[in-house]
Amino acid sequence: LRELLGYCEVPPAINQIEIHPYFQQVDLVDYCLSKKVQPMAFSALAHGELRLLENTVLQVISRAHNVTAAQVVLRWHIQRGIPPVVFSASTARLRENRNVS
C-alpha cells in the first residue's frame, strides 16, 4: 500500500485484506486509516482449517447472546469499523450472517 500510494494519482478507497480474530492486522489497519483508505476484511471468518468458529471463547459468547459464532465475529468486525466480506454456498447461512445486530 505504501508503494502504491507513493505513485498513484488516485489513491484506493478500500484495501481488502485478510483480517479475522486470529490475524487482526492492527498495524496495517491503522496505516490504512491514517491514509484515509478503508480496510475491508477479506476472509472475515478465517480459513476453514483455522477452525475459528469452533473457538471456545466465541462459542461462549455466541451462546450467551443466542447467535452464531460467525455472527459474533462479524459483529466484531463491524464494531471495529471494518466491513467484512463473507462467502457461503448456503443461502440460509448468508441470511444468518446478514442478520448481525
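Residues numbered from 1 in each chain as written. Predicted model: local features only at pLDDT ≥ 70, side-chain atom pairs only at ≥ 80, totals over all residues. Heavy atoms only, no water.

**Points about the overall build of the chain**
At step 1: What the chain contains, in helices and strands, is five helices and two strands.
At step 2: Ordering the α and β elements of the chain from the N terminus gives α-β-α-β-α-α-α.
At step 3: Expressed along its principal axes, the backbone C-alpha trace of the chain runs to roughly 45 × 25 × 25 Å.
At step 4: Here the chain, with 101 residues, has 29% of them falling under the buried criterion.
At step 5: When contacts within the chain are restricted to residue pairs at least 6 apart in sequence, long-range pairs at least 24 apart make up 60% of them.
At step 6: Carbon and sulfur atoms form 53% of the exposed surface of the chain, whose accessible area is close to 6800 Å².
At step 7: Each charge sign in the chain was given a centre, from 10 positive and 8 negative side chains, and these centres are 10 Å apart. (Helix = DSSP H or I, 4+ residues; strand = E, 2+ residues; numbered from the N terminus. Buried < 20%, exposed > 50% of the residue type's maximum accessible area, 1.4 Å probe, protein only. Contact = heavy atoms within 4.5 Å. Areas by Shrake-Rupley, 256 points an atom, 1.4 Å probe, with all protein chains shown as cover. Lys, Arg positive; Asp, Glu negative; His and termini not counted. Charge placed at Lys NZ, Arg CZ, Asp CG, Glu CD.)

**So, the packing of helix α3 (residues 56-65) against helix α4 (residues 69-79)**
Helix-helix packing is characterised by the crossing angle of the two axes and by the distance between the axes.
At step 1: For the pair α3 and α4, interaxial distance at closest approach is 8 Å and the crossing angle is 95 degrees. Accordingly, the angle class assigned to the pair α3 and α4 is roughly perpendicular. Facing α3, whose interface residues are Leu58, Gln59, Ile61 and Ser62, α4 presents Ala69, Val72 and Val73.
At step 2: Of the residues contributing to the contact of α3 with α4, the split by class is five nonpolar, two polar and no charged. (Axes fitted to C-alpha atoms, helices over the stretch in contact; angles between N-to-C directions. Parallel < 35°, antiparallel > 145°, perpendicular 65-115°, else oblique. Nonpolar A, V, L, I, M, F, W, Y, C, P; charged D, E, K, R; others polar.)

**Considering the nonpolar core**
At step 1: Counting 16 residues, the largest nonpolar core has Ile19 and Leu58 as its most contacted members.
At step 2: Of the residues forming this core, the biggest block, five residues, is contributed by α4. (Core = buried A, V, L, I, M, F, W, Y, C linked by side-chain atoms within 4.5 Å.)

Purely spatial values, then, with no claim about function.
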